[in-house]
Amino acid sequence: MALLSFRDVTFGFVSPPLLDHVNLQIERGERVGLLGRNGTGKSTLMKLIVGSLPPDSGFVERQAGMRIARLVQDVPVGRTGTIFDEVAAGLGEIGDAVAANFRLHHPDANHTEADHASLTLRAESLESDKVWQGEHQVDVILERMQLNPLLPFDSLSSGMKRRVLLAQALVLEPDVLLLDEPTNHLDIDAIQWLEDFLSRYSGTLIFITHDRVFLQRLARRIVELDRGRLFDWPCDYATFLVRKEATLAAEEQQQALFDKKLALEEVWIRKGIKARNVRNQGRVRALKKLREERAARRERIGSVKVELQDAERSGSLVADAKKVCYSVPTDTGERTIIQDLTTTVMRGDKVGIIGPNGCGKTTLLRLLLGELTPQSGNIRLGTKIEVAYFDQLREQLDETKTLQQNVSDTDKLMINGQQRHIIGYMEDFLFTPDRSRSPARHLSGGERNRLLLARLFSKPSNVLVLDEPTNDLDAETLELLESLIVEYPGTVLLVSHDRAFLNEVATHTLVFEGGGAVKEYAGGYDDWINQKQAGETARREEQAAVAAASKTEPSAATKPAARPRKLSFKEQRELEQLPKQIDAIEVEQRALHGAMAEPSFYQQDGATIAKARQRLEVLEQELAVTFDRWQTLEASAQ
């Protein structure tokens, strides 16, 4: 029996329904990527799986005793509890008692004497064995996910809050884990940690994501929601794209033949039926059926149509930074954001900016645009710069205004010298006339991004600043935005954690590497990783060469010369073999790194992936020990 089944399920707030007589089966241990355009009902499908929404018709069947946990898209704010409190909440009705018992008995948990009686009452409100068992479950998941139970939840970064919420979802060891846009607002390190963790997860995983690298590495099956129907693709994301393109081409050809036949029949009926024979009556009935089929057809959601407006070309130089430093005051002194940054941005550059959340990427943008003055060093700006800014926090949107008013105060726009009505322009971004006249506060995350893009591209510019533009956008809009940026003749400054987007767009990257150091690399994300690994390898080789060449020879004037210890025969043989051992370990390391970089690696079972990672850790330890031994013997042999 399937773990979860949809049988002839229909659901919709309006007509046409979001789900139209759909069927679906999920088996234990599957990893399912749930795809679909913004607004097609992916989150609604998850609510039906959980049971928080009942279907209008049909049945959602769950295996008896099945546990389901869901990680929602939005991170909660205003929570006053600790990490332990948040994770314990995932235990359901015993969570409050478990959290109270923890604070009561943990030596570092703060509570007043007045709280003691209340905590004792709550901890004793359920059977003690259930409470202790629940606390053990929380302790296990906190250790597994490397979380400090006493830290206040609201003080954490977005990435750490996501990790806590994932622990909350996992504490009951669910049979099915639902993740709704789990990578939103996470930096690259946090996304990679999440990928690594979920690749070892043994339960059933169903997730919605716009991150194509994340999707490729984790999904073994694609379920696409399109025009109220579910399309099942038992393959990874890359294979899905190929098969989907072929299917759409076949569908388009079939519909064209259908429409041609319908048009011919319409011409025939208008000429009039010459004879009331059975054959003609049958043809009339067939025409009626064709009309009904055509009326019932649901067209695919259109694609966003974006046209960038070119301003007058800027000068060849956009920004030139020399030894720029910038710090901000803190309670304990100053925090260095930028240290000795030197870089040049020329017209036409597409600069990707990479770094963990809170490191200062937005500050770097403001420095390069002249909005902030460096505390030392200098930044020279180019001429004729016209900036269009895509804001990460969506602060440019006025919630009280309509979508149309957020884009323009007038009904007419000039787009590349041609006058257009605002409603027609909004339709290019998939907003209907009624939707364009509705308040912005009702928009979903994806719709907010599309509205901000509409506002951004309604004005001419020669410098585009995009601060996290990819959150909540569906794959088709992402690909369109990629192609537009690549073709854009001006300069682009891009902050993004979307690795595929950076690979497609960036001509070079500025990477925050700790302590205020910002280093420049050619190319996109993968190019940065390759160059960084090559640099680390070169440094290790250089250190080895220096260590091999160095001799401990104190001056005769200060210290008598020491006679080097002669190696034993066994040590001499060991010294001769060590370089070969080091080479063999590094060869195996490179092979493992190459295999783990392949998308197919993460389509294997969790045990195989874990075994490969464990082997990689063993090799690193062996390399360190072998290298130290080689250095020791080499020094003794001098």
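In case you missed it, the structure is sitting above this.
Not measured: the values here are computed from a predicted model. (Residues numbered from 1 in each chain as written. Predicted model: local features only at pLDDT ≥ 70, side-chain atom pairs only at ≥ 80, totals over all residues. Heavy atoms only, no water.)

Participant: Just give me the short version of the packing of aromatic side chains, but keep the residues and values in it.
Facilitator: What the rule picks out here adds up to six aromatic pairs. A ring pair is formed by Phe 84 and Phe 102, whose centres lie 3.8 Å apart and whose planes are at 5°; its orientation type is stacked. Of this pair, Phe 84 sits in helix H2 (residues 83-88) while Phe 102 sits in helix H3 (residues 95-105), placing them 18 residues apart in sequence. For Phe 84, a relative accessible area of 0% corresponds to the buried category. Residues Trp 233 and Phe 240 carry aromatic rings whose centres are separated by 5.4 Å and whose planes lie at 80° to one another, so their mutual orientation is edge-to-face. Take Trp 233: its relative accessible area is 10%, and that puts it in the buried class. By way of ring pairs, the aromatic residues Trp 233, Tyr 237 and Phe 240 are connected into one cluster. Here Arg 163 stacks its cationic end above the ring of Trp 193, 3.9 Å away from the centre of that ring. The ring of Phe 431 has Arg 450 lying over it, and the distance from NZ or CZ to the ring centre is 5.0 Å. (Phe/Tyr/Trp six-rings, centres within 6.5 Å; stacked < 30°, edge-to-face > 60°. Helix = DSSP H or I, 4+ residues; strand = E, 2+ residues; numbered from the N terminus. Buried < 20%, exposed > 50% of the residue type's maximum accessible area, 1.4 Å probe, protein only. Lys NZ or Arg CZ within 6 Å of the ring centre and 35° of its normal.)

Participant: Explain helix H6 (residues 158-170) to me, and be specific about the residues and the numbers.
Facilitator: Its 13 residues place the ends of H6 18 Å apart at the C-alpha level, agreeing with the 18 Å of an ideal helix rising 1.5 Å per residue. The set of residues buried in H6 consists of Gly 159, Lys 161, Arg 162, Arg 163, Val 164, Leu 165, Leu 166, Ala 167, Ala 169 and Leu 170. (Expected span 1.5 Å × (residues − 1).)

Participant: Describe H3, with residues and values.
Facilitator: The element H3 is largely enclosed, with a buried count of nine among its 11 residues. If you check which residues of H3 are buried, you get Gly 95, Ala 97, Val 98, Ala 99, Ala 100, Asn 101, Phe 102, Arg 103 and Leu 104.

Participant: Go over the pairing of strand E9 (residues 229-233) with me, naming the residues and quoting the values.
Facilitator: Judged from the five bridges that link them, strand E8 (residues 221-226) and E9 form a sheet pairing that is antiparallel. Residue pairing in the sheet places Val 223 in a bridge with Asp 232 of E9. With antiparallel pairing between neighbouring strands as the criterion, E8 and E9 make up a hairpin whose turn holds two residues, including Arg 227 at a positive phi of roughly 55°. (Pairing = 2+ DSSP bridges.)

Participant: Let's hear about the pattern of salt bridges: which residues, and what values?
Facilitator: Any two side chains of opposite charge can pair, given that their charged atoms come close. Evaluation of the coordinates by the stated rule reveals 19 salt bridges. Asp 180 is the salt-bridge partner of Arg 70, the closest N and O atoms lying 3.7 Å from each other. Of this pair, Arg 70 sits in strand E5 (residues 68-71) while Asp 180 sits in strand E6 (residues 176-180), and the two are 110 residues apart along the sequence. On the basis of relative accessibility, which here comes to 26%, the residue Arg 70 falls in the partly exposed class. For Asp 180, a relative accessible area of 3% gives the class buried. Lys 161 serves as the salt-bridge partner of Asp 154, at 3.5 Å between the closest nitrogen and oxygen. (Salt bridge = Lys/Arg side-chain N within 4 Å of Asp/Glu carboxyl O.)

Participant: Can you lay out the sheet that holds strand E19 (residues 508-512) for me, pointing to particular residues and giving the numbers?
Facilitator: Strand order in the open sheet made by the six strands is E14-E17-E18-E12-E19-E20, with mixed pairing throughout. Across the chains shown, the open sheet's two edge strands, defined by having one partner strand only, are strand E14 (387-390) and strand E20 (518-522). Put simply, the sheet's adjacent strands are angled 15° from each other on average, direction ignored. As defined by bridge partners, E19 adjoins E20 across five bridges and the pair is classed as antiparallel. By the bridge assignment, Thr 509 is partnered in E20 with Tyr 521. (Axes fitted to C-alpha atoms, helices over the stretch in contact; angles between N-to-C directions.)

Participant: Let's hear about unusual backbone geometry: which residues, and what values?
Facilitator: One non-glycine residue, Asp 8, adopts positive backbone phi at about 55°. Within the element layout of this structure, Asp 8 appears in strand E1 (residues 4-11). On the accessibility criterion, Asp 8 (39% relative accessible area) is partly exposed. One non-glycine residue, Asp 340, lies in positive phi territory at about 55°.

Participant: Describe in detail the sheet that holds strand E7 (residues 204-208), supporting the description with residues and values.
Facilitator: Ordered in space as E5-E6-E7-E3-E8-E9, the six strands form an open sheet in which the pairing is mixed. Looking at which strands have only one partner, the edges of the open sheet turn out to be E5 and E9. Shown here is a sheet whose adjacent strand axes are inclined to one another by a mean of 20°, direction ignored. Sheet strands touched by H6: E5 and E6. Its angle to E6, the strand with the most contacts, is close to 155°. (Contact = heavy atoms within 4.5 Å.)

Participant: Account for the environment of Glu 479, with residues named and values stated.
Facilitator: Its location among the elements puts Glu 479 in helix H16 (residues 475-487). Classification of Glu 479 as partly exposed rests on a relative accessible area of 37%. C-alpha of Glu 479 to C-alpha of Phe 501: the two residues are 22 residues apart in sequence and 8.3 Å apart in space. Apart from residues lying up to four places away in sequence, Glu 479 is in contact with Arg 212 and Tyr 237.

Participant: Account for the packing of H6 against helix H7 (residues 188-199), naming residues and giving values.
Facilitator: In the contact formed by H6 and H7, the axes pass within 12 Å of each other and the chain directions differ by 15°. In terms of their interaxial angle, H6 and H7 are classed as roughly parallel. As for the relative orientation of H6 and H7, their crossing is right-handed in sense. Between H6, through Arg 163, Leu 166 and Leu 170, and H7, the contact on the second element is made entirely by Trp 193, Leu 194 and Phe 197. Of the residues that constitute the contact of H6 with H7, the class distribution is five nonpolar, no polar and one charged. (Parallel < 35°, antiparallel > 145°, perpendicular 65-115°, else oblique. Left-handed = near helix turned anticlockwise from the far one by under 90°. Nonpolar A, V, L, I, M, F, W, Y, C, P; charged D, E, K, R; others polar.)

In short, shape yes, function no, at least from these values alone.
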